[in-house]
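Listed below are the residues making up each chain.
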Amino acid sequence: MTADVADLVARARDGEPRAVARLISLVENASPQLREVMAALTPYAGNAVVIGLTGSPGVGKSTTTSALLAAYRKSGKRVGVLAVDPSSPFTGGALLGDRVRMQEHATDSGVYIRSMGSRGHLGGLSWATPQAVRILDAAGCDVVMVETVGVGQAEVEVASLADTTVVLLAPGMGDGIQAAKAGILEAADLYVVNKADRDGADHTIRDLRGMMALVEDRSPDAWQPPIIKTIASSGEGIADLVAALDDHRAWLVESGTLEKRRAARIADEIEAIAVTALREQMGDLRGGTLLDDLAANVVAGDTDPYAAADELTRSVKKSP
Ligand SMILES: Nc1nc2c(ncn2[C@@H]2O[C@H](COP(=O)(O)OP(=O)(O)OP(=O)(O)O)[C@@H](O)[C@H]2O)c(=O)[nH]1
Ligand SMILES: [Mg+2]
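Conventions adopted
- Residues numbered from 1 in each chain as written.
- Chains lettered and ligands numbered in written order.
- Predicted model: local features only at pLDDT ≥ 70, side-chain atom pairs only at ≥ 80, totals over all residues.
- Heavy atoms only, no water.
- Helix = DSSP H or I, 4+ residues; strand = E, 2+ residues; numbered from the N terminus.
- Buried < 20%, exposed > 50% of the residue type's maximum accessible area, 1.4 Å probe, protein only.
- Areas by Shrake-Rupley, 256 points an atom, 1.4 Å probe, with all protein chains shown as cover.
- Axes fitted to C-alpha atoms, helices over the stretch in contact; angles between N-to-C directions.
- Parallel < 35°, antiparallel > 145°, perpendicular 65-115°, else oblique.
- Contact = heavy atoms within 4.5 Å.
- Nonpolar A, V, L, I, M, F, W, Y, C, P; charged D, E, K, R; others polar.
- Polar contact = N/O pair within 3.5 Å; in protein donor to acceptor, adjacent residues only side chain to side chain.
- Arc of directions from axis to C-beta.
- Left-handed = near helix turned anticlockwise from the far one by under 90°.
- Patch = residues over 30% accessible without salt bridge, like charges linked within 9 Å, V, L, I, M, F, W, Y side chains within 5 Å.
- Salt bridge = Lys/Arg side-chain N within 4 Å of Asp/Glu carboxyl O.
- Lys, Arg positive; Asp, Glu negative; His and termini not counted.
- Charge placed at Lys NZ, Arg CZ, Asp CG, Glu CD.

**Student:** Would you take a moment to explain the overall build of the chain for this structure?
**Tutor:** Broken down by element type, the chain carries 13 helices and 7 strands. By the burial criterion, 47% of the 320 residues in the chain qualify as buried. Of the accessible surface of the chain, which amounts to about 15700 Å², a share of 54% is contributed by carbon and sulfur atoms.

**Student:** It is not clear to me how the packing of helix H10 (residues 238–255) against helix H11 (residues 257–284) should be interpreted in this structure. Could you clarify?
**Tutor:** A pair of packed helices can be characterised by two numbers: the angle between their axes and the separation between those axes. Running from N to C, H10 and H11 point in directions that differ by 85 degrees, and their axes come no closer than 5 Å. In terms of their interaxial angle, H10 and H11 are classed as roughly perpendicular. Touching His-248, Arg-249, Trp-251, Leu-252, Val-253 and Ser-255 of H10 are Thr-257, Leu-258, Arg-261 and Arg-262, all from H11. Among the residues making up the contact of H10 with H11, the classes are represented as 4 nonpolar, 3 polar and 3 charged.

**Student:** What is the right way to read the side chain of His-248 from this model?
**Tutor:** Tracing the backbone shows His-248 in helix H10. At 2.7 Å, the side chain of His-248 and the side chain of Thr-164 are in polar contact. Contacts of His-248, omitting those with residues within four sequence positions, involve Asp-163, Thr-164, Asp-189, Leu-190, Trp-223 and Arg-261.

**Student:** For this particular structure, what's the right way to read helix H1 (residues 5–13)?
**Tutor:** Because an α-helix completes one turn every 3.6 residues, residues spaced three or four positions apart along the sequence face the same direction. By the burial criterion, the buried members of H1 are Val-5, Leu-8, Val-9 and Ala-12. One face of H1 carries all of its buried residues, which in axial projection span an arc of 95 degrees. The secondary structure elements touched by the buried residues of H1 are helix H2 (17–28) and helix H3 (34–41). Of the residues flanking the end of H1, it is Gly-15, one or two places downstream, whose phi is positive at about 85 degrees.

**Student:** Any chance you could explain the packing of H2 against H3 here in plain terms?
**Tutor:** For the pair H2 and H3, interaxial distance at closest approach is 10 Å and the crossing angle is 130 degrees. The pairing of H2 with H3 is recorded here as oblique in orientation. In terms of crossing hand, the pair formed by H2 and H3 is left-handed. Of H3, the residues touching H2 (which contributes Leu-23, Leu-26 and Val-27) are Leu-34, Val-37, Met-38 and Leu-41. Here the contact of H2 with H3 is composed, by residue class, of 7 nonpolar, no polar and no charged.

**Student:** What am I meant to see in a positive patch on the surface here?
**Tutor:** The grouping of Arg-286, Arg-314, Lys-317 and Lys-318 at the surface amounts to a positive patch. Here Arg-314 shows up in helix H13 (residues 305–318).

**Student:** How do you make sense of the pattern of salt bridges when you look at a structure like this?
**Tutor:** Where charged atoms from two side chains of opposite charge come close, those side chains can pair. Considering all chains together, one arrives at 9 salt bridges under this definition. The residue Arg-11 makes a salt bridge to Asp-7 at a minimum N-O spacing of 3.2 Å. With Arg-11 and Asp-7 both in helix H1, this residue pair falls 4 residues apart, about one helical turn. Owing to a relative accessible area of 27%, Arg-11 belongs among the partly exposed residues under this scheme. Asp-7 gets classed as partly exposed once you look at its relative accessible area, which sits at 33%. When the shortest N-O distance is used, the salt bridge between Glu-269 and Arg-134 registers 2.7 Å. Here Glu-269 is found in helix H11, whereas its partner Arg-134 is found in helix H6 (residues 124–138), with 135 residues between them in sequence. Each of the two residues, Glu-269 as well as Arg-134, counts as buried. Because the salt bridges share partners, they merge into one network encompassing Asp-163, Arg-249, Arg-262 and Arg-265.

If you want it as structure tokens, here you go:
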């Protein structure tokens, strides 16, 4: 079904939740109308503070997000939440727990909460997430939080979509530190050691400090990621987390890092859109048989993979 984009965009900018939901569905379904949506929305985006939260399954990302949401709502801010599951091909389902945990906010008109899976479409989450963030941003959210499960490369990518990336750990979850080793350490602007009511929180902090020392940037203007201890389920430490997020925001603006990060992020987004378009074109070439034909030629020894790739890219350039 085609949507009246101008009308949807106008209603979304008025803060109508159903219009916002509809626009995000266009992203999820990789609708051809997205081009028009993004052209209409981009002038109104760029005001929201985008916070990424990542960490191993069960560390308390949703509980923390929900607590932050409550804190931001108290100060009158409009808040969007995207719960992104890189491993889930479906929307909903796997993230039902999040819905329950965020239920208390469900009837608040200053809040949008949305779960997103990759649905296995081309480009995946690195393609879809920034567009969904832009919709929430243009719809007037002051803060957009993106929750992703820390399971691998995908969360590093999604984390890089945020202005500020929060990495959560919890005591007794050695794999949390393991995940930190796998590259997320460079992406972290803030650490949260959640479940501080459990034994071993201080041990986790010590381990983390050891890991951080290995990647520490000692230049005088560099940001030093703080470690915040929280009990998200009772709200303890959440005020400290809000303060640390504000500090990081101020540093981002003053150091000029915010602008640089945003430009880098948009470059990634443009690349993801272009690569997706190129892949689609390759798939469409000669009714989708060109790649198969080339592969057959390589198998038969008539050509080599490089020459075949050249032919493929030549064909893409030729197609409109
Ligand atoms: N004891 C304790 N439990 C907590 C705390 N924070 C969250 N929990 C509990 O830990 C469990 C997992 O919390 P979630 O917020 O769903 O964790 P998550 O990281 O979003 O989980 P996934 O999205 O499944 O990766 C829930 O049962 C929470 O109630 C805490 O500070 N202390
Ligand atoms: Mg969660």
